[in-house]
Amino acid sequence: MEKCTRADFDRLRDYLCDMILEEQLKLGYEKETIRFYSPCASIGHILGLKERSCETVMQALAPFESYVTDTLGEIKVTRCSGKRICFLIPAQGATYVHEHWNENLFLEELIQCFGSHGTTLSDVQDVFAKFSEQVACIHIGSDDFDDVLFFADGVPDAYRYCVKFDAGHAFYHRFLKEDFEELFA
């Protein structure tokens, strides 16, 4: 059985906090229970597991619930139908992120950009350029996404932002680097 280190669990905790922060930036802070669903393979990437089957990931996650009790509260990690994991995060976790998680000006501006009607690729690139000179933009032209943008040096974050523009509307989906590489390789 693969075991996770403190650093692995810290990465997963930080990932969950990033997800909570993104939700709070979009919808506002509420002291509420939150559910996040993630593919087993994605969580396996975060934990640095060689084997990313649901069984292996769930075994590796066994100590995680107690690891984050002091920050996110008494979370529950369960396997859902298919190859997904559910993280049930109590209101304490939402409050922890609201009170202690670092402000993310980039994500705030990006969400505002996508909240405007008529957002263009140039608008999105401008937001990225405000935060780094190391911006990469690659046209992927898939059915789901037009382009991917990211910070080549991983600063201020290492996510891949896949964007789609359709009839004056635009949206993005944020992927882990490893997940993006598997999906679009």
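Predicted model only: the values in this text are computed from it and were never measured.

What counts as what
- Residues numbered from 1 in each chain as written.
- Predicted model: local features only at pLDDT ≥ 70, side-chain atom pairs only at ≥ 80, totals over all residues.
- Heavy atoms only, no water.
- Axes fitted to C-alpha atoms, helices over the stretch in contact; angles between N-to-C directions.
- Helix = DSSP H or I, 4+ residues; strand = E, 2+ residues; numbered from the N terminus.
- Parallel < 35°, antiparallel > 145°, perpendicular 65-115°, else oblique.
- Left-handed = near helix turned anticlockwise from the far one by under 90°.
- Contact = heavy atoms within 4.5 Å.
- Nonpolar A, V, L, I, M, F, W, Y, C, P; charged D, E, K, R; others polar.
- Pairing = 2+ DSSP bridges.
- Buried < 20%, exposed > 50% of the residue type's maximum accessible area, 1.4 Å probe, protein only.
- Arc of directions from axis to C-beta.
- Phe/Tyr/Trp six-rings, centres within 6.5 Å; stacked < 30°, edge-to-face > 60°.

A. Highlighting the packing of helix H1 (residues 6-27) against helix H7 (residues 105-114). Remark: H1 packs on H7, axes separated minimally by 10 Å, with the N-to-C direction vectors making an angle of 45°. Taken as axis vectors, H1 and H7 run oblique relative to one another. For the pair H1 and H7, the sense of crossing is right-handed. Only Leu107, Glu108 and Ile111 of H7 make contact with H1, whose side of the interface consists of Glu22, Leu25 and Lys26. Residues of the contact of H1 with H7, tallied by class, amount to three nonpolar, no polar and three charged.

B. Region of the structure containing the sheet that holds strand S1 (residues 34-39). Pairing is antiparallel in the open sheet, where three strands are placed in the order S1-S3-S2. The strands lining the two open edges of the sheet, one partner per strand, are S1 and strand S2 (76-79). Neighbour-to-neighbour, the strand axes of this sheet turn through a mean angle of 20°, independent of strand direction. Of the strand pairs in this sheet, S2 and strand S3 (residues 84-89) are connected by four bridges, and their pairing is antiparallel. The residue of S3 that forms the bridge with Thr78 is Cys86. Strand contacts of H1: S1 and S3, with the helix running at about 120° to S1, the strand carrying the most contacts.

C. Looking closely at the sheet that holds strand S4 (residues 135-139). Spatial ordering of the open sheet is given by S4-S5-S6-S7, a layout of four strands whose pairing is antiparallel. In this open sheet, the two strands that pair with only one neighbour each are S4 and strand S7 (169-175). Neighbour to neighbour, the strand axes of the sheet diverge by 25° on average, direction disregarded. Direction of pairing for strand S5 (residues 147-151) relative to strand S6 (residues 160-166): antiparallel, over a ladder of three bridges. Bridge assignment links Val148 to a residue of S6, and that residue is Cys162.

D. Inspection of H7 at higher detail. For H7, the complete set of buried residues consists of Phe106, Leu107, Leu110, Ile111, Cys113 and Phe114. The arc that holds the buried residues of H7, viewed along the axis, is 155°, so those residues lie on one side. Residues of H7 that are buried sit in contact with H1, helix H8 (121-131), S5, S6 and S7.

E. Structural context of the packing of aromatic side chains. Tallied over the entire structure, the rule returns 16 aromatic pairs. Ring centres of Phe106 and Phe151 lie 4.9 Å apart, and the angle between their planes is 75°; on these two criteria the pair is classed as edge-to-face. With Phe106 in helix H7 and Phe151 in strand S5, the pair connects residues that are 45 residues apart, well separated along the chain. Consider the rings of Phe114 and Tyr172, whose centres lie 5.1 Å apart with planes at 50°: the pair is tilted. A residue pair is termed long-range when its members are at least 10 positions apart, and Phe114 in helix H7 and Tyr172 in strand S7 qualify at 58 residues. There is no split in this pair, since Phe114 and Tyr172 are both buried. A connected cluster of aromatic rings, assembled from ring pairs, spans Phe106, Phe114, Phe128, Phe131, Phe151, Tyr161 and Tyr172.

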